[in-house]
Structures are given as structure tokens and as C-alpha cells.
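Spelled out from the first residue to the last, the chains are:
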Amino acid sequence: MAYYSEHSKVWLSVDVIIFGFEQNKLKVLIGRRQMDPGRGEWSLYGGFVAANEGIDECAARTLYELTGLNHLFMRQVGAFGSVDRDPGERVVSIAYYALINVKDYNEQLQKEHHVQWVDMDQLPKLYSDHNEMIAQGLRKMRQKMRTEPIGFRLLPKLFTLTQLQRLYEAVNGQEIDKRNFRKRIKEMDFIEKTELIDKVTSKRGAALYRFNNKVYNEDPNFKL
């Protein structure tokens, strides 16, 4: 017996907003659309939800197909379902944002999927409502970073305090007072100073730090 036959069908897809951080800039992974409608337009990477998978599973699969990386930090942004958002069919898309270290993403996969990193402040006009998806994803990430140290997923395992400060400035779109920032960082036991020195990005040689997840999980007072 067929149910709901009196209702029209709607296609369901996911789109993934992948944020990265490099050269003190917050970046987003986008590419030229490889299918109609909108072939050749700048677009986020996405795919349709299969009959045998949930939306979270589809998002995780799409992320893996694009990056070759598993267990990425990923959170749902929301549903986008304007009637005219897709000229092909009635498509509702669930957007997700994910965070990766740019250095972890294989350049060969970028070429295969025709995608590239673009600075947030230089985003072109994207297909359909993808610019709105990114704007909402950025707002969600900003909110999350105020209460959880998710930004460390955008950094290498070892980083300088300057790199950390530049990351927060890039995400929030405003400068941070260096003295106050470093004072607050020193109060966080889960940001550990190592004995290693960065002689690549710092002429004088800056101390390298790392994030201690075990200590963080025991700290109930984190707020930046």
C-alpha cells in the first residue's frame, strides 16, 4: 500500500561548509559546480541523501568523499528549503559545517573534486543560497568557539600563541588585545607550553603550545 500519495515529493540533500585556517585567514572550501542546473557556478560540495542513510550519515559520507578524512568535527547548521532555491527540482538541503587543518587535506583530492580554499572575505557569489549557508555556519561556529575550544581543530598539533590569537581574530572578524588574550590563555590548564621552539614563522623563535584534551574535559569553567 502506498502512503502519502496525495503529497508531492521533495528531494533531500546535504551541503558541507568546510572551514580551514591558513596564513592568518579563515578559509572555506568551494568549487565549480559539476552538474546541471548551475554547472560552472561557484558552490559548496554536497550530495543527495540515499534511501538507506540518515542525514548525519550522509554528511559524514560526503565529507569523507571530499577530504578522505574520518572523524572530523561536524555540526548541523540548519535546513534550507525555499521553494525556488533550486531550479531543477524542489530540493531541501541540510547544511553542516566542519573544521579541518588545511595541511591535512590532500592536494590531489582537491584537484579530483575541483575545489579550492578561498578566503572568507573574498567569497564570490555562490550557487543558490550557499552564501547564506556559509554566513549561518560562521555564526554557529563563533557561538561554539565561545564555550568550547573547537578552534584547535583548525590548527596544527603544535602552535604558537600568536597563531592562536590570529585564529580567534579571523573567526570573529576583529582584533583582540594581545595582553588580555595571553593572560586569559595562561589561565587555561589545557593549553600546554612545550619545550619546543617555532623558528619557521617566528624570527626570534616562539614557544610552541599544544591542546590537552584530557585536561580540558576536566575543566568545567572554560570560556573565551
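Structural data are supplied above this passage.
What comes next concerns the included structure. Sequence order sets the numbering: in each chain, residues are counted from 1 along the sequence as written. Local features are withheld for residues below a pLDDT of 70 in this predicted model, meaning they are given only at 70 or higher, and side-chain atom pairs are given and counted only at 80 or more; totals for whole chains, interfaces and linings count all residues. Each side-chain value is worked out from all heavy atoms of the structure, with water and hydrogens disregarded.

## So, the overall build of the protein chain
Selection criterion: Helical segments are the DSSP runs of H or I of at least four residues, strand segments are the runs of E of at least two, and each set is numbered from the N terminus. For every residue, the accessible area obtained with a 1.4 Å probe (protein chains only) is divided by the maximum for its type, and the residue is called buried under 20%, exposed over 50%, and partly exposed between those limits. Per-residue and other accessible areas follow the Shrake-Rupley method at a 1.4 Å probe size, with only the shown protein chains counted as cover for residues.
In terms of helices and strands, the protein chain carries six helices and nine strands. A principal-axis box enclosing the C-alpha atoms of the protein chain has dimensions of 65 × 35 × 30 Å. Relative to its 224 residues, the protein chain shows a buried fraction of 42%. When the accessible area of the protein chain is evaluated, it comes to approximately 13600 Å², of which 47% is carbon and sulfur surface.

## Focus: the side chain of Asp-15
The criterion, for reference: Polar contact is defined as a pair of N or O atoms within 3.5 Å, subject to the rule that within protein one atom must be able to donate a hydrogen and the other to accept it, and that residues adjacent in sequence are counted only when both atoms are side-chain atoms. Should any heavy atoms of two residues lie within 4.5 Å, those residues are counted as being in contact.
In this structure, Asp-15 sits in strand S1 (residues 11-22). Within polar-contact distance, the side chain of Asp-15 engages the side chain of Ser-93 at 2.6 Å. If we ignore the near neighbours within four places in the chain, the residues touching Asp-15 are Leu-44, Tyr-45, Gly-46, Arg-85, Ser-93, Ile-94, Ala-95, Tyr-96, His-130 and Met-133.

## Overview of the pattern of salt bridges
What counts, and what does not: Note on definitions: salt bridges are taken to be side-chain nitrogens of Lys or Arg within 4 Å of carboxyl oxygens of Asp or Glu.
Enumeration according to the criterion identifies eleven salt bridges in this entry. Between Glu-65 and Arg-61 there is a salt bridge, and its shortest N-O distance comes to 3.0 Å. Of this pair, Glu-65 and Arg-61 both sit in helix H1 (residues 55-67), separated by four residues, roughly a single helical turn. Across the pair Glu-192 and Arg-210 runs a salt bridge, and its minimum N-O distance is 3.1 Å. Here Arg-210 lies in strand S9 (residues 206-211) and Glu-192 lies in strand S8 (residues 191-198), a separation of 18 residues in the sequence. Overall, the relative accessible area of 23% leaves Glu-192 in the partly exposed class. A relative accessible area of 41% means that Arg-210 is categorised as partly exposed.

## Some points on the nonpolar core
Short version of the rule: For the purposes of this section, nonpolar cores are sets of buried Ala, Val, Leu, Ile, Met, Phe, Trp, Tyr and Cys residues that join through side-chain atoms within 4.5 Å.
Residues Ile-17, Phe-19, Tyr-97, Leu-99, Met-141, Leu-164 and Ile-191 are the most contacted members of the largest nonpolar core, which totals 38 residues. Other than its neighbours up to four places away in sequence, Met-141 contacts Phe-19, Leu-26, Tyr-97, Leu-99, Ile-150 and Val-171. By size, the runner-up hydrophobic cluster in this structure holds 19 residues, among which are Leu-29, Ala-59, Leu-66 and Val-115.

## Concerning the pairing of strand S2 (residues 25-32)
Heads up, the rule is: We call two strands paired when DSSP finds no fewer than two bridges between them.
For S2, the tally of buried residues reaches six of eight residues, placing the bulk of the element in the interior. The turn joining S1 and S2, which pair antiparallel and follow one another in sequence, is formed by two residues; a positive phi near 50° is taken by Gln-23. Here five bridges tie S2 to strand S7 (residues 115-119), and the two strands are oriented antiparallel to one another. Bridge pairing links Gly-31 to Val-115 in S7.

## Thoughts on the pairing of S1
With nine of twelve residues buried, S1 is to be regarded as a mostly interior element. Alignment of S1 against strand S6 (residues 91-99), held across nine bridges, turns out to be parallel. Across the sheet, residue Asp-15 finds its bridge partner in S6, namely Ala-95. The sheet contact formed by S1 and strand S4 (residues 45-48) spans four bridges and is antiparallel.

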